[in-house]
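# A structural walkthrough
Chain by chain, the residues run as shown.
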Amino acid sequence: MIDTGRNFKTTIGGSALLEGIMMRGPDKIACVVRVSDGELAVKEKELRPVKHGLLKMPLIRGVVNFISALKEAFEALGFSAEVAPIEEGESRFEKWLSEKFGDSFVQKAVTGFAMVLGVLLAVALFFALPILLATLLENLLNAGDMSLGGWRALFEGVLRLFIFFLYIVAISRMKDIQRVFAYHGAEHKAIHCYEAGLELTVENVKAQSRKHPRCGTSFLLMVFLIGVLAFLWVANPNPLVRIGLKLLMLPVVVAAGYEVNRLIGRYDNLACRVIRAPGLWLQGFTTNEPDDGMIEVGVDALNRVIPKEQGSDEWK
């Protein structure tokens, strides 16, 4: 294990899978999943370097990285769903698809459907629902000769944050998701151990914090917070137009969230600690303490993406 020093911050990140972990390094991605016989299934993928300078520019790189991360996450989830031990049997429709088109087609179809459904659910929950509820409240107030007036956009933003929090709390109570969140904790602990320059052993990893400042949960919360401010300027009275305008503004909000999260993850001064505190608090719901087997998965995945050149993965 290379001693990187206590102040080292790595660009290596990852995400939890079904019974596994995906780690993304500067050169490749590694997915490691615990299968039914206790062994580890591994899938590695070399990464193509971003060559065009325009794609590396601030704000633009945030959108590019976000889209790339989503694509990689769904591919990794598809792999884990294919190899992870799942007790539920296939439906008749899935069996028919398997017989007609093969298991590979079914897996891709299910993953694609889940991706589309996830996007639609996000739009419905975090864009349409707050706007429709605010519109309903405004109509009720108008009936009583009252109005939300200029507070409507702020009310929608606060409502969006509240729905996001309720969503996180609700899924954190699901049994299967609790295991995924435990793998999420193992991912963070392994990265903390690596950044501390310690040997990547189960005992060393177990002693680390399950919360990490450069986590996707913190990034999402930052996007929501920036969205509250950015969407204050969307004042069109038509709810459908407001939904459309906010969706058009979303890439800019995501890009700004990426840059802010990148900045506060790089420095450890008081201002950065205050700004990232809400994200770390929210990780209390999206991470759980992992068992030794989960930590072993995290260590294996991390070891596979650590670059050969010392320091080439430093967060700058």
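## Side note on the sheet that holds strand β1 (residues 13-17)
With antiparallel pairing, the four strands of this open sheet are ordered in space as β1-β2-β3-β4. Whereas interior strands pair on both sides, the edge strands pair on one side only; in this sheet they are β1 and β4 (40-46). Across the sheet, the mean angle separating the axes of adjacent strands is 15 degrees when strand polarity is ignored. Note that strand β3 (residues 28-34) and β4 share seven bridges and pair antiparallel. Within β4, the position partnered with I29 by the bridge is K45.

## Considerations on the packing of aromatic side chains
To describe a pair of aromatic rings, one takes the distance between the centres and the angle between the planes. As enumerated under the stated definition, the model contains ten aromatic pairs in all. Aromatic side chains F66 and F219 sit 5.9 Å apart centroid to centroid with 50 degrees between the ring planes, which places their arrangement in the tilted category. One end of the pair, F66, is in helix α1 (residues 60-83); the other, F219, is in helix α7 (residues 216-230), and 153 residues separate them in sequence. Accessibility expressed as a relative area gives 13% for F219, which makes it buried.

## Remarks on the nonpolar core
The biggest cluster of nonpolar side chains holds 26 residues, and the ones touching the most others in it are I21, M23, L200, V205 and L302. Listing elements by their share of this core, those giving two or more residues are β2 (20-24), β3, α5 (175-195) and α10 (292-305). Residue contributions to this core peak at nine residues, all from α5. Core analysis: the next-biggest nonpolar cluster, separate from the first, contains 20 residues, I163, F219, F231 and I264 among them.

## Considering α10
Compared with an ideal rise of 1.5 Å per residue, which puts 14 residues at 20 Å, α10 spans 21 Å between its outermost C-alpha atoms and is within 8% of the ideal. Among the residues making up α10, those that are buried are M294, I295, V297, G298, V299, A301, L302 and V305. Taken together, the buried residues of α10 touch β2, β3, β4, α5 and α6 (202-206). For α10, the side-chain oxygen to backbone nitrogen distance between the N-cap and G293 is 3.1 Å, and the N-cap itself is D291.

## Things to note about the packing of α7 against helix α8 (residues 239-266)
Packing of α7 against α8 brings their axes to within 8 Å, and their N-to-C directions diverge by 125 degrees. The orientation of α7 with respect to α8, classified from their angle, is oblique. In this structure, α7 meets α8 at a crossing whose hand is right-handed. Listed contacts from α8 to S218, F219, M222, V223, I226, G227 and A230 of α7 are M249, V253, V254, A256, G257, Y258, V260, N261 and I264. Considered class by class, the residues forming the contact of α7 with α8 number twelve nonpolar, four polar and no charged.

## A look at helix α4 (residues 152-172)
Taking 1.5 Å per residue as the helical rise, α4 with its 21 residues ought to reach 30 Å, and the 30 Å between its terminal C-alpha atoms agrees with that figure. Listing the buried residues of α4 in full gives R152, A153, E156, G157, L159, R160, I163, F164, I168, V169, I171 and S172.

## Quick word on the environment of I191
By the element assignment, I191 lies in helix α5. The exposure class assigned to I191 is buried, which follows from its relative accessible area of 4%. Measuring from C-alpha to C-alpha, the distance between I191 and T10 comes to 8.0 Å, with 181 residues separating the pair along the chain. Aside from chain neighbours lying at most four places away, what touches I191 is T10, I12, G13, M23, H212 and L302.

## Some words on the confidence of the model for the protein chain
Per-residue confidence for the protein chain gives a mean pLDDT of 84; residues scoring 70 or more make up 84%. In the predicted structure, residues 1-5 sits below a pLDDT of 50 and forms 14 contacts with residues beyond four places in sequence or in another chain.

## Section: the pattern of salt bridges
For the coordinates displayed, the defined rule picks out 18 salt bridges. The shortest N-O distance in the salt bridge between K189 and E289 comes to 3.2 Å. In this pair, K189 sits in helix α5 while E289 sits in the loop between α9 (270-286) and α10, placing the two residues 100 residues apart along the sequence. Between E195 and R214 there is a salt bridge, with the nearest N and O atoms lying 2.1 Å from each other. Linking E195 in helix α5 with R214 in the loop between α6 and α7, this pair joins segments that are 19 residues apart in sequence.

Rules of the game
Residues numbered from 1 in each chain as written. Predicted model: local features only at pLDDT ≥ 70, side-chain atom pairs only at ≥ 80, totals over all residues. Heavy atoms only, no water. Pairing = 2+ DSSP bridges. Helix = DSSP H or I, 4+ residues; strand = E, 2+ residues; numbered from the N terminus. Axes fitted to C-alpha atoms, helices over the stretch in contact; angles between N-to-C directions. Phe/Tyr/Trp six-rings, centres within 6.5 Å; stacked < 30°, edge-to-face > 60°. Buried < 20%, exposed > 50% of the residue type's maximum accessible area, 1.4 Å probe, protein only. Core = buried A, V, L, I, M, F, W, Y, C linked by side-chain atoms within 4.5 Å. Expected span 1.5 Å × (residues − 1). Contact = heavy atoms within 4.5 Å. Polar contact = N/O pair within 3.5 Å; in protein donor to acceptor, adjacent residues only side chain to side chain. Parallel < 35°, antiparallel > 145°, perpendicular 65-115°, else oblique. Left-handed = near helix turned anticlockwise from the far one by under 90°. Nonpolar A, V, L, I, M, F, W, Y, C, P; charged D, E, K, R; others polar. pLDDT = per-residue confidence, 0-100. Salt bridge = Lys/Arg side-chain N within 4 Å of Asp/Glu carboxyl O.

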